[in-house]
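Residues per chain, in single letters:
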Amino acid sequence: MTEMTRLQLDRDGWFCLIDPHAFASYVSEAPTLADQLTRYAAERQHEHGIVMHLGPDAALDVLAPAESRPDRPIRTFTHTIVASHGVLAVPTFKELTGAAGFSGRRLVTEATPRIGRPPGRYLVVVAQYQQSPRITLSIAPAVRPAADPAVPANMVPWI
(Lines give C-alpha, C1' and ligand atoms only; values in the text may rest on other atoms or scores of the structure.)
Protein backbone atom coordinates (compact mmCIF):
# COMPACT_ATOMS: atom_id res chain seq x y z
CA MET A 1 0.00 0.00 0.00
CA THR A 2 1.09 3.56 -0.70
CA GLU A 3 1.54 5.92 2.20
CA MET A 4 -0.41 9.16 1.94
CA THR A 5 2.85 11.11 2.06
CA ARG A 6 3.83 9.71 -1.37
CA LEU A 7 0.74 10.67 -3.38
CA GLN A 8 0.72 13.28 -6.11
CA LEU A 9 -1.53 14.69 -8.82
CA ASP A 10 -1.06 13.34 -12.32
CA ARG A 11 0.89 15.26 -14.95
CA ASP A 12 -2.22 17.10 -16.14
CA GLY A 13 -3.38 18.22 -12.67
CA TRP A 14 -6.04 15.53 -12.05
CA PHE A 15 -6.66 13.74 -8.78
CA CYS A 16 -8.64 10.50 -8.81
CA LEU A 17 -9.53 8.48 -5.71
CA ILE A 18 -11.71 5.44 -6.27
CA ASP A 19 -13.00 2.25 -4.70
CA PRO A 20 -11.48 -0.15 -7.26
CA HIS A 21 -14.07 -2.82 -6.42
CA ALA A 22 -17.10 -0.59 -7.10
CA PHE A 23 -16.05 2.15 -9.57
CA ALA A 24 -17.61 1.56 -13.01
CA SER A 25 -15.09 2.95 -15.50
CA TYR A 26 -16.56 1.64 -18.78
CA VAL A 27 -18.66 4.26 -20.60
CA SER A 28 -18.91 3.16 -24.25
CA GLU A 29 -16.70 2.04 -27.15
CA ALA A 30 -16.15 5.64 -28.25
CA PRO A 31 -16.78 7.84 -25.22
CA THR A 32 -16.53 11.61 -25.41
CA LEU A 33 -14.98 13.61 -22.58
CA ALA A 34 -18.49 14.83 -21.69
CA ASP A 35 -19.70 11.20 -21.46
CA GLN A 36 -16.78 10.32 -19.20
CA LEU A 37 -17.26 13.32 -16.91
CA THR A 38 -20.96 12.47 -16.60
CA ARG A 39 -20.00 8.91 -15.55
CA TYR A 40 -17.44 10.18 -13.03
CA ALA A 41 -20.00 12.55 -11.49
CA ALA A 42 -22.45 9.63 -11.17
CA GLU A 43 -19.77 7.49 -9.51
CA ARG A 44 -19.16 10.33 -7.03
CA GLN A 45 -22.89 10.43 -6.21
CA HIS A 46 -22.74 6.69 -5.47
CA GLU A 47 -19.61 7.27 -3.30
CA HIS A 48 -17.51 5.02 -5.55
CA GLY A 49 -14.96 7.63 -6.52
CA ILE A 50 -13.82 11.22 -6.73
CA VAL A 51 -12.36 12.63 -9.95
CA MET A 52 -11.28 16.26 -9.81
CA HIS A 53 -9.20 18.62 -11.91
CA LEU A 54 -7.02 21.09 -10.04
CA GLY A 55 -5.56 22.47 -13.27
CA PRO A 56 -2.28 22.23 -15.15
CA ASP A 57 -0.54 24.56 -12.67
CA ALA A 58 -1.00 21.83 -10.05
CA ALA A 59 0.45 19.08 -12.25
CA LEU A 60 2.57 16.59 -10.27
CA ASP A 61 1.98 18.49 -7.00
CA VAL A 62 2.40 16.29 -3.96
CA LEU A 63 -0.71 15.68 -1.86
CA ALA A 64 0.43 16.42 1.67
CA PRO A 65 -1.44 14.98 4.65
CA ALA A 66 -3.80 17.63 6.04
CA GLU A 67 -2.65 19.29 9.22
CA SER A 68 -3.39 22.43 11.15
CA ARG A 69 -2.34 25.46 9.10
CA PRO A 70 -2.50 29.17 9.89
CA ASP A 71 -3.39 30.12 6.29
CA ARG A 72 -6.80 29.64 4.72
CA PRO A 73 -7.24 27.43 1.66
CA ILE A 74 -8.01 29.00 -1.71
CA ARG A 75 -10.63 26.30 -2.21
CA THR A 76 -11.67 23.00 -0.71
CA PHE A 77 -13.66 20.00 -1.84
CA THR A 78 -15.37 17.63 0.60
CA HIS A 79 -17.14 14.39 -0.22
CA THR A 80 -17.56 10.85 1.04
CA ILE A 81 -16.25 7.66 -0.51
CA VAL A 82 -16.73 4.03 0.46
CA ALA A 83 -13.83 1.59 0.72
CA SER A 84 -15.88 -1.58 0.20
CA HIS A 85 -12.95 -4.00 0.47
CA GLY A 86 -10.53 -2.01 2.62
CA VAL A 87 -8.63 -0.24 -0.15
CA LEU A 88 -8.85 2.98 -2.16
CA ALA A 89 -6.90 3.42 -5.39
CA VAL A 90 -5.34 6.56 -6.92
CA PRO A 91 -5.27 6.00 -10.70
CA THR A 92 -4.24 8.69 -13.15
CA PHE A 93 -6.86 10.39 -15.29
CA LYS A 94 -5.23 8.74 -18.30
CA GLU A 95 -5.87 5.32 -16.71
CA LEU A 96 -9.52 6.25 -16.16
CA THR A 97 -10.04 7.55 -19.70
CA GLY A 98 -8.24 4.52 -21.13
CA ALA A 99 -10.59 2.20 -19.28
CA ALA A 100 -13.66 4.20 -20.32
CA GLY A 101 -13.64 2.77 -23.84
CA PHE A 102 -12.87 -0.88 -23.09
CA SER A 103 -15.24 -3.04 -21.07
CA GLY A 104 -12.61 -5.66 -20.22
CA ARG A 105 -9.72 -3.34 -19.37
CA ARG A 106 -8.37 -3.43 -15.82
CA LEU A 107 -8.66 -0.03 -14.25
CA VAL A 108 -6.18 -0.63 -11.45
CA THR A 109 -2.80 -2.17 -12.22
CA GLU A 110 0.07 -3.26 -9.99
CA ALA A 111 1.61 0.22 -10.40
CA THR A 112 -1.53 2.09 -9.29
CA PRO A 113 -1.05 3.61 -5.82
CA ARG A 114 -3.39 2.24 -3.16
CA ILE A 115 -4.38 3.47 0.28
CA GLY A 116 -5.32 0.83 2.82
CA ARG A 117 -8.30 1.60 5.05
CA PRO A 118 -10.68 -0.70 6.91
CA PRO A 119 -13.91 -1.22 4.94
CA GLY A 120 -16.27 1.69 5.53
CA ARG A 121 -17.28 5.21 4.55
CA TYR A 122 -14.67 7.99 4.59
CA LEU A 123 -14.82 11.75 4.46
CA VAL A 124 -12.32 13.07 1.91
CA VAL A 125 -11.19 16.69 2.05
CA VAL A 126 -8.89 18.14 -0.61
CA ALA A 127 -7.70 21.70 0.00
CA GLN A 128 -5.59 23.97 -2.18
CA TYR A 129 -3.36 26.69 -0.70
CA GLN A 130 -1.13 29.51 -1.96
CA GLN A 131 1.86 28.38 0.12
CA SER A 132 3.63 25.02 0.06
CA PRO A 133 2.42 22.38 0.51
CA ARG A 134 -0.16 23.62 -1.98
CA ILE A 135 -2.51 20.61 -1.91
CA THR A 136 -3.56 18.71 1.21
CA LEU A 137 -5.56 15.52 1.54
CA SER A 138 -7.50 14.18 4.49
CA ILE A 139 -9.26 10.80 4.57
CA ALA A 140 -11.10 10.20 7.84
CA PRO A 141 -13.95 7.89 8.90
CA ALA A 142 -17.37 9.40 8.15
CA VAL A 143 -20.65 8.62 9.85
CA ARG A 144 -22.92 9.71 7.00
CA PRO A 145 -22.60 11.05 3.45
CA ALA A 146 -21.42 14.62 3.07
CA ALA A 147 -21.54 16.44 -0.24
CA ASP A 148 -19.92 19.76 -0.98
CA PRO A 149 -22.82 22.17 -1.68
CA ALA A 150 -20.57 24.30 -3.91
CA VAL A 151 -20.22 21.45 -6.44
CA PRO A 152 -23.41 20.45 -8.28
CA ALA A 153 -23.92 16.69 -8.08
CA ASN A 154 -23.71 16.30 -11.86
CA MET A 155 -20.30 17.97 -12.28
CA VAL A 156 -16.66 17.03 -11.83
CA PRO A 157 -15.13 19.46 -9.32
CA TRP A 158 -12.91 22.37 -10.38
CA ILE A 159 -13.20 22.12 -14.14
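Quick notes on the rules
- Residues numbered from 1 in each chain as written.
- Predicted model: local features only at pLDDT ≥ 70, side-chain atom pairs only at ≥ 80, totals over all residues.
- Heavy atoms only, no water.
- Helix = DSSP H or I, 4+ residues; strand = E, 2+ residues; numbered from the N terminus.
- Contact = heavy atoms within 4.5 Å.
- Areas by Shrake-Rupley, 256 points an atom, 1.4 Å probe, with all protein chains shown as cover.
- Pairing = 2+ DSSP bridges.
- Axes fitted to C-alpha atoms, helices over the stretch in contact; angles between N-to-C directions.
- Phe/Tyr/Trp six-rings, centres within 6.5 Å; stacked < 30°, edge-to-face > 60°.
- Buried < 20%, exposed > 50% of the residue type's maximum accessible area, 1.4 Å probe, protein only.
- Lys NZ or Arg CZ within 6 Å of the ring centre and 35° of its normal.
- pLDDT = per-residue confidence, 0-100.

**Section: the overall build of the protein**
Then step 1. Within the protein, the regular secondary structure consists of two helices and eight strands.
Then step 2. From first element to last, N terminus to C terminus, the protein shows the α and β order β-α-β-β-β-β-α-β-β-β.
Then step 3. Intrachain contacts of the protein at a sequence separation of at least 6 include 81% that bridge at least 24 residues.
Then step 4. For the protein, the exposed area adds up to about 8400 Å²; of that, 53% sits on carbon and sulfur atoms.

**Here's the deal with the sheet that holds strand β8 (residues 135-141)**
Then step 1. With mixed pairing, the four strands of this open sheet are ordered in space as β3-β8-β7-β4. If you trace the sheet from one side to the other, it starts and ends with β3 (63-65) and β4 (75-83), each paired once. In this sheet, neighbouring strand axes are inclined to one another by 30° on average, regardless of whether the strands run parallel or antiparallel.
Then step 2. Here strand β7 (residues 120-128) pairs with β8 via seven bridges, running antiparallel.

**A closer look at the packing of aromatic side chains**
Then step 1. One pass over the structure, following the stated rule, counts three aromatic pairs.
Then step 2. Taken together, a centroid distance of 6.1 Å and an interplanar angle of 80° make the contact between Tyr 40 and Phe 93 edge-to-face. Here Tyr 40, found in helix α1 (residues 33-45), pairs with Phe 93, found in helix α2 (residues 93-100); they are 53 residues apart in sequence, far enough to count as distant. The same class applies to Tyr 40 and to Phe 93, which are both buried.
Then step 3. Among the aromatic side chains, those forming a connected cluster through ring pairs are Trp 14, Phe 23, Tyr 40 and Phe 93.
Then step 4. We note Arg 69 situated over the ring of Tyr 129; from NZ or CZ to the ring centre the distance is 3.6 Å.

**Side note on the pairing of β7**
Then step 1. Of the pairings in the sheet, the one linking β4 to β7 comprises nine bridges and is antiparallel in character. Following the sheet pairing, Ile 81 is matched in β7 by Tyr 122.

**Considerations on the confidence of the model for the protein**
Then step 1. With 87% of its residues at a pLDDT of at least 70, the protein reaches an overall mean of 84.
Then step 2. Element-level pLDDT for the protein is lowest in α2, with a mean of 84, against a maximum mean of 94 in strand β5 (residues 87-89).

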